[in-house]
Amino acid sequence: MSRKSERLVNLTIALLATKRYLTKGEIFRSIEGYEGSEESVERMFERDKDDLRSLGIDIEVGGLDPLFNDEAGYRIKPENYSLDLGSVNGEDIALLSLAAQAWKGQALNDVAHSVLLKLQSMGIESDISSVPHLAPRMAWASDELATVLDAITTRNRISFTYLSSDLAHENREIAPYALASSAGHWYFGGLDSTKNSLRTFRLDRVLGEIQSIGKPDNFEIPSNFDLFASMNESSHSQVAVLDIRKDKAFGLRKMSTDIEDKGEWERIKLNYSDPSSFLDSILWYLDDVVVIEPPDLQKQVIEALTLLVKNHG
Amino acid sequence: MAKAKPAPIIHTERLLALVPFITAHQGISLKDLAAAFDVTTKTMNDDLTTLWMCGLPGYTALELMDLSFDSGYVTIRNAPTLKAPRSLGMEEIVALLLGLSLLKDSVNENKDLVDRINSLATRLGEKGGIAAKFSVSNPVSSLIRAQIIAAITEQQTLSIAYHSLYNDEFSHREVKPLEMRIDGGVEYLFAYCYKASALRVFRIDRIESLNILDNATDQLMDKQTTASDGFYSSLIFSSRLRLMKERFDLQDAEVNQETTIHSFSKQWIVRSVFASSGSADLQAPSEIRAEIAQKAQSLLKRYLALQKI
């Protein structure tokens, strides 16, 4: 193992240090480890180039001499190889480190660990003094998050099996555009080509593995795509008026925009956007919440209660 | 799962990352270096031995990196080509953008900090040519987590404002935090509760606020939890199956198929059936079934009275 990595490190150093393109001949003669028949050395070099590129190292191919343009040469430009975050100070380093630490023990743990090592290698002391004491932690996600992320960055299409609202197993194929997390769940969205529309999926409703399909650079991500905007497109916010018993229904009270004291009860105003899940959360609080407005919501509560009485009577 | 990198590639990546890291931490101990890279000291020693053989073509003492580590402390000289950390990969940039978005969500009242985070995110996004926006939030507050972690390490007592969803009760408790654990993606705090004089488990996302108390009212802690075996209920689902599966934490759900559920809280099952607004019918136990019918009936009466006014 170390023979191969030693050769890769030496190749990187040589290609980085050179001011001009190095030909294969020069590389084979000067860099240690290219031994064997001409054919096997060639194959070794092709693989090494692919391996370095898989690490994100940009190897440029260029002509050696415009007059004798017969042999290609290789080099790595230091400005492409090295980290350049522009002018950053200790506070920026502290914020970036916190951002990476949020992934500790989570789906992108390894990616974030390598970021942290890079930040710590910049020689800029992290300055946490102006940043509040924070311990951020990402919402839990399965390892499939890494696949979706990889597909977004390489612009690969993905296919997966999705649990529909009636628990049917649906096969989906999308061009993934973005990732987001809200209320403890991860969502990803993109263009569903068979339905030709933008769709959003909850990661924990994906069954089994997400497969990356086709070739990279398969699509363009529209610059104005906003996952949450597309999720909430259909629903517009409505105002509800509820009576809630004092010291009860804390979850609803937290959302209120206005509270009026009415003795044993309080009358609150709040905004909601998803009528179905709002109805569920009102019913959760049993007889500690009474809907006053809007009338259609009150009607839905009455229907649900009638059904509950009928089914349990 | 994203494709795993082959071992020599991971090894090369670590070797390339080691040079700038040691350059920025001259004289670091072998042990600390191994810990920073999350490998054993034996592996780190092997890595350094490999690096020691690397350098510019020619590979004489002049061209090789000058690496010293046999004293247990590591220094590096003569490694100008690799001394800067490598540029960020796409995945790394996105991981940072997601992390920054979460930070912004935690400090949204501090305008200076939000501006600073936005400026970093814009720069990173441009660097990676990433146009997509990322929006990340977590019901668990980063501030509250930080205070809990500090209280656990410092062995301090906390006063917490806790909302119990099942009982729909808001309570203030003094607790001695012991540890944080994750179960099914939800983060919990295990703490000794002075009010209950027993070990209690709190969902961290339901802790609304907390204070660290200076004078801990330390008592003898009796780490006994009150064990309960729970009970079984039988339910029938008629619609919205995915929602029912997630709400009742089922392996699977089928229309009109009787399903048995194990739970510890009667409150929870009554509320969950109510919140399913007709999609779930509880068949047994009969006393809970009767309670649901009675509660729904009395609430219905109140609504009907309201409509008559």
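What counts, and at which threshold
Residues numbered from 1 in each chain as written. Chains lettered and ligands numbered in written order. Predicted model: local features only at pLDDT ≥ 70, side-chain atom pairs only at ≥ 80, totals over all residues. Heavy atoms only, no water. Domains from an automatic or database assignment. Contact = heavy atoms within 4.5 Å. Buried area = accessible area lost by both parts, 1.4 Å probe. Salt bridge = Lys/Arg side-chain N within 4 Å of Asp/Glu carboxyl O. Nonpolar A, V, L, I, M, F, W, Y, C, P; charged D, E, K, R; others polar. Pairing = 2+ DSSP bridges. Helix = DSSP H or I, 4+ residues; strand = E, 2+ residues; numbered from the N terminus. Axes fitted to C-alpha atoms, helices over the stretch in contact; angles between N-to-C directions. Buried < 20%, exposed > 50% of the residue type's maximum accessible area, 1.4 Å probe, protein only. Polar contact = N/O pair within 3.5 Å; in protein donor to acceptor, adjacent residues only side chain to side chain. Parallel < 35°, antiparallel > 145°, perpendicular 65-115°, else oblique. UniProt positions renumbered as here; feature names shortened; annotations may be inferred. Core = buried A, V, L, I, M, F, W, Y, C linked by side-chain atoms within 4.5 Å.

Participant: When you look at the domain arrangement of chain B in this model, what are you seeing that I'm missing?
Facilitator: How big an interface is tends to be reported as the loss of accessible area on association of its parts. All names here are of chain B. You can read the domains of chain B as domain 1 (7-77), domain 2 (90-128), domain 3 (142-213) and domain 4 (231-308). If you average the C-alpha positions of domain 3 and of domain 4, the two centres end up 30 Å apart. Listed by partner, the interface residues are four residues for domain 3 and four residues for domain 4. Across the domain 3/domain 4 interface, buried area totals approximately 330 Å², and carbon plus sulfur atoms make up 54% of it. When residues of domain 3 are sorted by the area they lose upon contact with domain 4, Tyr 166, Asn 167 and Asp 168 head the list and together hold 94% of the total. Inspection of the region where domain 3 meets domain 4 yields zero salt bridges. Residues that form the side of domain 3 that touches domain 4 fall into these classes: two nonpolar, one polar and one charged.

Participant: Please explain the sheet that holds strand S12 (residues 280-284) of chain B as it appears in this structure.
Facilitator: Sheet strands line up and pair through hydrogen bonds in the backbone, either parallel or antiparallel. Residues and elements named next belong to chain B. On the basis of which strands lie adjacent, the open sheet formed by three strands has the order S11-S10-S12 and antiparallel pairing. In the strand order of this sheet, the two ends are held by strand S11 (258-263) and S12, each with one partner. Averaged over neighbouring strand pairs, the angle between their axes works out to 40° when direction is ignored.

Participant: Sorry if this is basic, but what is going on with helix H10 (residues 275-284) of chain A here?
Facilitator: One turn of an α-helix holds 3.6 residues; hence residues three or four places apart share an orientation. Residues and elements named next belong to chain A. Among the residues of H10, those classed as buried are Phe 278, Leu 279, Asp 280, Ile 282, Leu 283 and Trp 284. For H10, the side-chain oxygen to backbone nitrogen distance between the N-cap and Ser 276 is 3.2 Å, and the N-cap itself is Asp 274. Positive phi appears at Leu 286, one or two residues downstream of H10, with a value of about 50°.

Participant: What should I look at first to understand the packing of helix H1 (residues 7-24) of chain B against helix H3 (residues 41-52) of chain B in this one?
Facilitator: To characterise two packed helices, one gives the angle between the axes of the helices and the distance between these axes. All names here are of chain B. It is at 10 Å that the axes of H1 and H3 come closest, and there the two elements cross at 80°. When the axes of H1 and H3 are compared, the pair comes out roughly perpendicular. For the pair H1 and H3, contact is made by His 11, Arg 14, Leu 15, Leu 18, Val 19 and Ile 22 and by Thr 43, Met 44, Asp 47, Leu 48, Thr 50 and Leu 51, respectively. Looking at the contact of H1 with H3, its residues break down into seven nonpolar, three polar and two charged.

Participant: Sorry, what's going on with the interface of chain A and chain B here?
Facilitator: The interface is formed by 125 residues belonging to chain A together with 116 residues belonging to chain B. Carbon and sulfur atoms supply 64% of the area that chain A and chain B bury against each other, a total of about 10600 Å² over both sides. If you sort the residues of chain A by the area they bury against chain B, Arg 137, Trp 284 and His 312 of chain A come out on top, with a joint share of 8%. The interface formed by chain A and chain B includes eight salt bridges. When the shortest N-O distance is used, the salt bridge between Asp 280 of chain A and Arg 247 of chain B registers 3.1 Å. Along the contact surface separating chain A from chain B lie 42 residue pairs in polar contact (both at pLDDT 80 or more). Take the side of chain A that touches chain B: its biggest share by element is 12 residues, from helix H1 (residues 2-17) of chain A.

Participant: Is there a simple way to think about the side chain of His 312 of chain A in this case?
Facilitator: Here His 312 of chain A shows up in helix H11 (residues 295-312). Looking at His 312 of chain A, its side chain comes within polar contact range of the main-chain oxygen of Leu 308 of chain A, at 2.9 Å.

Participant: Would you take a moment to explain the domain arrangement of chain A for this structure?
Facilitator: We note that the domain assignment places domain 1 (2-81), domain 2 (86-138), domain 3 (144-231) and domain 4 (238-312) within chain A. The distance between the C-alpha centroids of domain 1 of chain A and domain 4 of chain A comes to 69 Å.

Participant: Looking at this structure, how should I read the UniProt feature "domain: PafC HTH" (unreviewed entry) in chain B?
Facilitator: Those places that UniProt annotates as "domain: PafC HTH" (unreviewed entry) correspond, in this numbering, to residues 13-124 of chain B. For residues 13-124 of chain B, the helix share is 55%, the strand share is 9%, and the end-to-end C-alpha distance is 22 Å.

Participant: Explain the UniProt feature "domain: WYL" (unreviewed entry) in chain B to me, please; I cannot follow it from the model alone.
Facilitator: In this numbering, the UniProt entry assigns the feature "domain: WYL" (unreviewed entry) to residues 146-211 of chain B. Across residues 146-211 of chain B one finds 14% helix and 64% strand; the C-alpha atoms that close the span lie 12 Å apart.

Participant: In this structure, what is going on with the pairing of strand S11 (residues 265-272) of chain A? I would like to understand it.
Facilitator: Here is the key point about a regular strand: its side chains alternate between the two faces of the sheet. Residue and element names in this part refer to chain A. Looking at chain direction, strand S9 (residues 238-245) and S11 are connected through eight bridges and run antiparallel. Across the sheet, residue Val 239 finds its bridge partner in S11, namely Asn 271. With antiparallel pairing between neighbouring strands as the criterion, strand S10 (residues 256-262) and S11 make up a hairpin whose turn holds two residues, including Gly 263 at a positive phi of roughly 80°.

Participant: Help me understand the nonpolar core, please; the structure alone is not making it clear to me.
Facilitator: As a rule of thumb, soluble globular proteins bury nonpolar side chains together. The biggest cluster of nonpolar side chains holds 70 residues, and the ones touching the most others in it are Leu 179, Trp 186 and Phe 188 of chain A together with Leu 98 of chain B. For this core, the leading source of residues is helix H4 (residues 90-106) of chain B, giving nine residues. Ranked by size, the runner-up nonpolar core spans 52 residues in total, among them Leu 270, Val 289 and Val 309 of chain A together with Leu 299 of chain B.

Participant: In this structure, what is going on with unusual backbone geometry? I would like to understand it.
Facilitator: With the exception of glycine, the majority of residues adopt a negative phi angle, and the majority of peptide bonds are in the trans configuration. For the bond from Glu 293 of chain A to Pro 294 of chain A, the omega torsion is -5°, close enough to zero to count as cis. With omega at 0°, the peptide bond leading from Ala 284 of chain B into Pro 285 of chain B counts as cis. Along the chain, the position of Pro 285 of chain B falls in the loop between S12 and helix H9 (286-308). The backbone of Arg 155 of chain A sits at a positive phi, close to 55°, despite the residue not being glycine. Tracing the backbone shows Arg 155 of chain A in the loop between helix H7 (144-154) and strand S4 (157-163). We classify Arg 155 of chain A as partly exposed; its relative accessible area is 23%.

Participant: Mind showing me how you'd approach the UniProt feature "domain: WYL" (unreviewed entry) in chain A here?
Facilitator: UniProt's feature table lists "domain: WYL" (unreviewed entry) at residues 145-206 of chain A, given in the numbering used throughout. Taken as a whole, residues 145-206 of chain A contains 16% helix and 58% strand, while its terminal C-alpha atoms sit 11 Å from one another.

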